[in-house]
Amino acid sequence: MSSLLIWIVLIPFASAALLGFLHLLLPKQRSLHALYTVSGIAAPFISALMSLAVGWELFNSSDDMMIHAIAFNWITLGDLSVNVAFMADRLTAVMLFFITFIGTLIHIYAAGYMKEEEGYGKFFSFFNLFMGSMLLLVLSDNPIMMFVGWELVGLSSYLLIGFYHQESANMKAANKAFILNRVGDFGFIIGLALLFTALEGTGYTFEAIEANITTLDSSLVAVIAMLLFVGAMGKSAQIPLYVWLPDAMAGPTPVSALIHAATMVTAGVYMVARFAFLYNEVPQVGVYIATIGAVSALFAALIASYQSDIKKILAYSTMSQLGYMFIAVGLGAYSSGIFHVFTHAFFKALLFMGAGAVIIALHHEQNIFKMGGLKKKLPLVYVTMFIATLAISGIPPFAGFFSKDAILAAAFASEHYMIWGMGTLTAMLTAFYMFRLLFIVFFAEGKMDGKLNPLPRTMTWPLVVLALGSTTVGFLGLNEAYGGTNIFSSFIALPDLSHHLSHKSEYLLGMLNVLMAVMGMGLAYRLYAKSAEEPQVNNVWRRAVVNKFYIDEIYDTVIVRTLRHLSVFTDKIIDQKGVDGILHVAVSGYKSAGAAFAFLQNGKVRYYALYILSGLSVLSLLLLNALGGM
Amino acid sequence: MFEQLFLILPMAIVVMGAFVLLLLSKTFSLDKLNLVAVFFLSLSFIIEILRFGTTTVCYSFPEIFGKMYIIDDFSILFDLMFTAGAILTLLINTAYFKSRNYYNGEYFALILFSVFGMMILAHSNELVTAFIALEIASLSVFALVGYHKYNKVSSEAMMKYMILGSMTGAFFILGTAFIYGAVGSTNLEDIAAYVNVPAEKDLVLVLIGGIFIMVTILFKMGAVPFHSWVVDVYQGAPFPVTMFMASTFKIALFAIALRLSLIDFASLNIVWSEILQVITVLTLIGGSFLAITQKSIKRMLAGSSVVHSGYMLIAYSSIGLGSDMAAPAIMFYLISYFLSAAGAFGILSFIATGSKKMMTYEDFKGFSERRPYLSAMMAIFMLSLSGFPSTIGFLGKFYIFTSAIESGQILLAGLGIVTAFISVYYYFKLIAMMYFYPSTDQQKKFPFDFSGLLIGVMAMMVIWGGVGTSLIPFIPGANGLIDIAKQAIDSLQNVL
């Protein structure tokens, strides 16, 4: 069983290497497409099967059961011993399940979406690399390996966001994503290093850290927890490191689906849940995380309500939903947070793939105000998108309701009413902007003439599967108030900080959430269902929101330009005048010394013999000196 | 009896091979002789590789020779490097031999004789044996250096090397005599036993003898101030011989140096270390000076090989100051230097096959356009020699500096790091020449051949040794190599 863990990670990597190699060797060969498709899809599929086996094994054993697999020892240096080792507990099993399952569906979808593209093989190579990296991240048994996966995820997202690298705007977006992630990673690695030093060599696997965490000074743990969260901010696009996420839409739509649903952005939430034991030591940091999450959720929802690019709306909605997840994990409701990750993966993948289908059908049109009336023309996409929209808006019995409700209930129960209030407001906005999208695209009068692109079956069937998932997976987390037993959180067995809430208040909260969602829906219907005109940007507020509160511009002025000026200063003044000046002096001194030394090298044997004898004499003198001291 | 014979079989095969080659030299063509030589060397190599790690320490023919001739993992590892070095030298230079008209059959016999000498040197447990072995190896190398006898530079190099070599060789035997005078035996174990029960007066004699022996070893290593022959001889010798000397013969000296330091003078090491430190500092700085001023690549590599001796001397003096890491560090460094230097010189002689030029930095301008693969490999070897991370050279330096810090020689480690920085200048200059300048010639069609393949394999090993793990069976990566080095050193220390 344990060697399965290794194979789960290895197979996508192997496939990525194979495809990459083939593509490099025969870049123009179209006849290889079948192979690319088969290998590209088979790799995540096999991983999915093996993940199921692992999950089944864990399901049938006690809840603290862990499966370990050690591939080999990687580094041994003093206290630091890093094994390339994998570990699966129940948290991992959940992550594995949806990453591989939804990942496979996205791969199938991508086979249809990308089939006309030039770099088909390259795409699947990167795609498999992305899967492998994410699997490495969740399966690692120590923070170092997790960091490797973490970085590889950053790298592969960079490669995929910049997939259409012929346009410089796309490369800019890719660079932005990469650099902002680096900022987060910087915090992350410092946090890991600090944690390692603080542990003083008592072992650096998750298990060992958990066993020793109580011995650490709690203020130090707080610093570590904050630094690790900086990493999560970057990967999971929270304020202030979120600005890459909307720009990341530059990549092909399957990439967005993969980044937003199955892989990358969930890494931050997973990391916090993985370090639950650490965050439980310092609840004040958790509150801070939850606050960041709540602000991000509300902020992103506001921006999403004014966007007109279909993918950007979805991007901001992801950021907003991630905010919910951080509210949950910040307040110690880890299983609710992971549950939202889980349900979100289904409907967000569905939304992106639906949006991708619309985009392909409309010949790469992304502005929702230029769409409309697609209800009749794309019935399957319409129905599935409708389901996903219901799910994300939190309408029961669709998946999103249960997870979002659990998070808001946890926030209410932990008596952080401010956070709860922001979450509830966001719930209304979520329903508003999502139904705005749905109504404009499918209901409002059509503005497009001409024939639609036909959609291949590989692009439509995954939608159906995901729609089924979005409808049903919520019941896994049905809690006691609604007559369930919350299979999900009892399975995942995370160290939640529990707050009790009476059934009556749970019903009230649930009803409030539904009410908010219906209000948002109603508003969207009134404004956009009949006809949709692109709104005029005619007052200060609208201008601010449409321009995303000028955050990009502010970052540009405050950080990017300042850094650039500093770099120019360092380059022109400090480096060229100062450092180089000193170096030139040193180098010329060294060179003349070298020339003087080479002068001794005159090619005459008698001189050489003289050097040897004088060397021997000096040695003798040294020896005499040493012996005199003896 | 047969068991005893089996113990010395690898060396016997090499020396028999040399005689066979002498017999065949008039009838066979160069190609065939080359193959015969490689065959014998490979046979020996295979026997040794099967034996590595399986034998316990033992002596060959103890009733006749006493404890002259020792067989342990340490010496077997060295044997492996010698035979591998010779095989690589012969195979990579196949084309070179044919392009020059002065090669004939005796050449291969001489290579085998010198390998035989080095093998005996690694196995010798007694000073006179060591001396004889060193002379067998040296005399063969003298002849090899001057092999192009109608070339003035080559003959001159041989003369210089021989005169200076004989002079320092005399020191070795003089030192041996001193030690014999004090101890009454030349066997290393007897000397160790004598030294460990100190009677101060007689130790002086042992120390003086030790200094003399050391001078010989330092001379052959090319440590400053005994280095002056290095650049001239490396320059004058034909390319294959330079490759053989830099990669293989240099290593042989460390075999005896390590054996002496670990077994013999353990209790005298405090005195030793001071002397060695002075020489190390001189070698590091002097070697850098030599390398930095050269215009020809061959001379630059010669100068830099002095610096590499300096790095190993850092660890060598750390042995006496109680660093456990130091001796394996030297072993690891030897392996890493062997791979990188053999590769770099191999490429040089490979290129020299087609031209008779000096091969200066200028000649390498735009080389990456003409021979992209070869220049990539050259770049890898240069990176490794300068100690760039992710190559084996980086780990080699890393272990060396760690051992120096461990033994408290922080200033020496600092100097080592500074010279490593300086070395970046002369190594990267070549990379810059290859990649940042346009080519003056047209791109030629380059044939695929066996020598290029071998060089490629070595480049891979340089990378794999820097990052690799035990993932690929039978090819040790970074951690596998350090384990091998430790195992060899362990077998050495177990003798006492």
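Residues numbered from 1 in each chain as written. Chains lettered and ligands numbered in written order. Predicted model: local features only at pLDDT ≥ 70, side-chain atom pairs only at ≥ 80, totals over all residues. Heavy atoms only, no water.

Peer 1: Please set out the overall build of chain B residue by residue, giving values where relevant.
Peer 2: The helix and strand inventory of chain B stands at 22 helices and two strands. Residues counted as buried form 64% of the 496 residues belonging to chain B. The contacts of chain B with a sequence gap of at least 6 include a subset with a gap of at least 24, amounting to 80%. Counting only carbon and sulfur atoms, one obtains 70% of the accessible surface of chain B, whose full area is about 17700 Å². (Helix = DSSP H or I, 4+ residues; strand = E, 2+ residues; numbered from the N terminus. Buried < 20%, exposed > 50% of the residue type's maximum accessible area, 1.4 Å probe, protein only. Contact = heavy atoms within 4.5 Å. Areas by Shrake-Rupley, 256 points an atom, 1.4 Å probe, with all protein chains shown as cover.)

Peer 1: Pulling in residues and values, what's your account of the overall build of chain A?
Peer 2: Assigned secondary structure in chain A consists of 25 helices and two strands. Split into buried and exposed, the 630 residues of chain A put 56% on the buried side. Long-range contacts, defined as pairs at least 24 residues apart, comprise 81% of the intrachain contacts of chain A with a sequence gap of at least 6. Split by element, the accessible area of chain A, about 25400 Å² in all, is 67% carbon and sulfur.

Peer 1: Please provide a residue-by-residue account of the side chain of His23(A), values included.
Peer 2: Take His23(A): it is sitting in helix α1 (residues 2-25). Apart from the residues within four sequence positions on either side, His23(A) is in contact with Tyr36(A), Gly119(A), Gly121(A) and Lys122(A).

Peer 1: Give a description of empty space enclosed by the protein that names residues and reports values.
Peer 2: Residue and element names in this part refer to chain A. Applying the stated rule across the entire model yields six cavities of 30 Å³ or more. For the second largest cavity, the calculated volume is near 60 Å³. Taken together, Ser-393, Gly-394, Phe-401, Lys-404, Asp-405, Leu-408, Ala-427, Asn-513 and Ala-517 form the lining of the second largest cavity. Mapped by element, the contributors of at least two residues to the lining of the second largest cavity are α18 (399-413) and α22 (503-528). Residues that form the lining of the second largest cavity fall into these classes: four nonpolar, three polar and two charged. (1 Å grid on protein atoms, 1.4 Å probe; cavity = no way out; pocket = protein on both sides within 12 Å on 5 of 7 lines; lining within 4 Å. Points joined across faces, edges and corners; volume = space filled by probe spheres on them. Nonpolar A, V, L, I, M, F, W, Y, C, P; charged D, E, K, R; others polar.)

Peer 1: Any details on unusual backbone geometry? Residues and values, ideally.
Peer 2: Here the amide bond leading from Ile239(A) into Pro240(A) is cis, since omega sits at 5°, within 30 degrees of zero. Tracing the chain through its elements places Pro240(A) in the loop between α8 (218-235) and α9 (244-247). Cis rather than trans, the peptide bond between Val224(B) and Pro225(B) has omega equal to 5°. Mapped onto the fold, Pro225(B) is located in the loop between α11 (200-221) and α12 (229-236). In this structure, Ala237(A) takes a positive phi of about 55° despite not being glycine. Within the secondary structure, Ala237(A) sits in the loop between α8 and α9.

Peer 1: Go over the interface of chain B and chain A with me, naming the residues and quoting the values.
Peer 2: With 40 residues of chain B in contact, the opposing surface of chain A contributes 27 residues. When the two sides are added together, the surface that chain B and chain A hide from each other amounts to roughly 2900 Å², 82% of it contributed by carbon and sulfur. The interface formed by chain B and chain A holds zero salt bridges in total. Summed over the shared surface of chain B and chain A, the number is three residue pairs in polar contact (both at pLDDT 80 or more). For the side of chain B that touches chain A, the secondary structure elements donating two or more residues are α9 (152-183), α11, α12, α14 (269-292) and α20 (410-436) of chain B. Residue composition of the side of chain B that touches chain A, by class: 28 nonpolar, eight polar and four charged. (Buried area = accessible area lost by both parts, 1.4 Å probe. Salt bridge = Lys/Arg side-chain N within 4 Å of Asp/Glu carboxyl O. Polar contact = N/O pair within 3.5 Å; in protein donor to acceptor, adjacent residues only side chain to side chain.)

Peer 1: Lay out α12(B) with the relevant residues and their values.
Peer 2: Taken across its eight residues, α12(B) has eight buried, putting it largely inside the fold. Within α12(B), burial applies to Trp229(B), Val230(B), Val231(B), Asp232(B), Val233(B), Tyr234(B), Gln235(B) and Gly236(B).

Peer 1: Give me the nonpolar core: which residues, what numbers.
Peer 2: Counting 208 residues, the largest nonpolar core has Ile102(A), Trp244(A), Phe275(A), Tyr279(A) and Ile338(A) as the members making the most contacts within it. Here this core gets 19 residues from one element, more than from any other, and that element is helix α15 (residues 334-361) of chain A. With 203 residues, the next largest nonpolar core counts Ala122(B), Val271(B), Ile297(B) and Leu430(B) among its residues. (Core = buried A, V, L, I, M, F, W, Y, C linked by side-chain atoms within 4.5 Å.)

Peer 1: Describe the pairing of strand β2 (residues 80-88) of chain A, naming the residues involved and giving the relevant values.
Peer 2: Residue and element names in this part refer to chain A. In terms of strand pairing, strand β1 (residues 67-77) meets β2 through nine bridges, oriented antiparallel. When the sheet's bridge partners are listed, Ile-70 is paired in β2 with Ala-85. Linking two consecutive strands that pair antiparallel, namely β1 and β2, is a turn of two residues; a positive phi of about 55° is found at Gly-78 within it. (Pairing = 2+ DSSP bridges.)

Peer 1: Give me the packing of aromatic side chains: which residues, what numbers.
Peer 2: Inspection of the entire model under this criterion finds 69 aromatic pairs over all chains. Geometrically, the ring pair formed by Phe402(A) and Phe475(A) is tilted, given 5.3 Å between the ring centres and 50° between the ring planes. One end of the pair, Phe402(A), is in helix α18; the other, Phe475(A), is in the loop between α20 (457-472) and α21 (487-492), with 73 residues separating them in the sequence. Taken together, a centroid distance of 5.2 Å and an interplanar angle of 70° make the contact between Phe412(A) and Tyr417(A) edge-to-face. Of the residues examined, Phe412(A) reaches a relative accessible area of 23% and is grouped as partly exposed. The exposure class of Tyr417(A) is partly exposed, given its relative accessible area of 44%. Taken together, the ring pairs connect Tyr96(B), Phe97(B), Tyr102(B), Tyr103(B), Tyr107(B), Phe108(B), Tyr147(B) and Phe239(B) into an aromatic cluster. Its guanidinium or amino end placed over the ring of Tyr528(A), Arg436(A) lies 5.5 Å from that ring's centre, counting from NZ or CZ. (Phe/Tyr/Trp six-rings, centres within 6.5 Å; stacked < 30°, edge-to-face > 60°. Lys NZ or Arg CZ within 6 Å of the ring centre and 35° of its normal.)

Peer 1: Describe the packing of α9(B) against α12(B), naming the residues involved and giving the relevant values.
Peer 2: The description of two packed helices rests on the angle between their axes and on the distance between the axes. All names here are of chain B. Remark: α9 packs on α12, axes separated minimally by 8 Å, with the N-to-C direction vectors making an angle of 145°. Here α9 and α12 pass one another in a crossing that is left-handed. Side by side, α9 and α12 meet where Val-153, Ser-154, Ala-157, Lys-160, Tyr-161 and Leu-164 of the first sit next to Trp-229, Asp-232, Val-233 and Gly-236 of the second. Classifying every residue of the contact of α9 with α12 by side-chain character gives six nonpolar, two polar and two charged. (Axes fitted to C-alpha atoms, helices over the stretch in contact; angles between N-to-C directions. Left-handed = near helix turned anticlockwise from the far one by under 90°.)

Peer 1: Could you give me a rundown of the packing of helix α6 (residues 168-199) of chain A against α8(A), with the residues and numbers involved?
Peer 2: Residues and elements named next belong to chain A. Here α6 crosses α8 at 155°, and the two axes come no closer than 7 Å. Overall, the two elements α6 and α8 adopt an arrangement that is roughly antiparallel. In this structure, the crossing between α6 and α8 has a hand that is left-handed. Taken together, the residues of α8 that come into contact with α6 (itself represented by Asn-181, Val-183, Gly-184, Asp-185, Gly-187, Phe-188, Ile-190, Gly-191, Leu-192, Leu-194, Leu-195 and Ala-198) are Leu-220, Val-223, Ile-224, Leu-227, Leu-228, Val-230, Gly-231, Gly-234 and Lys-235. Here the contact of α6 with α8 is composed, by residue class, of 13 nonpolar, six polar and two charged. (Parallel < 35°, antiparallel > 145°, perpendicular 65-115°, else oblique.)

Peer 1: Give a detailed account of the pattern of salt bridges, specifying residues and quantitative values.
Peer 2: Applying the stated criterion to the full structure yields 13 salt bridges over all chains. Its salt-bridge partner being Lys572(A), residue Asp571(A) comes within 3.5 Å of it at the nearest N-O pair. According to the relative accessible area criterion, Asp571(A) is partly exposed, its value standing at 33%. Residue Lys98(B) is joined to Asp31(B) by a salt bridge in which the shortest nitrogen-to-oxygen separation is 3.3 Å. With Lys98(B) in helix α6 (residues 94-99) and Asp31(B) in helix α3 (residues 30-51), the pair connects residues that are 67 residues apart, well separated along the chain. Overall, Lys98(B) belongs to the exposed group, its relative accessible area being 52%. Overall, the relative accessible area of 33% leaves Asp31(B) in the partly exposed class. Through salt bridges with shared partners, one network takes in Glu151(A), Arg182(A) and Asp185(A).

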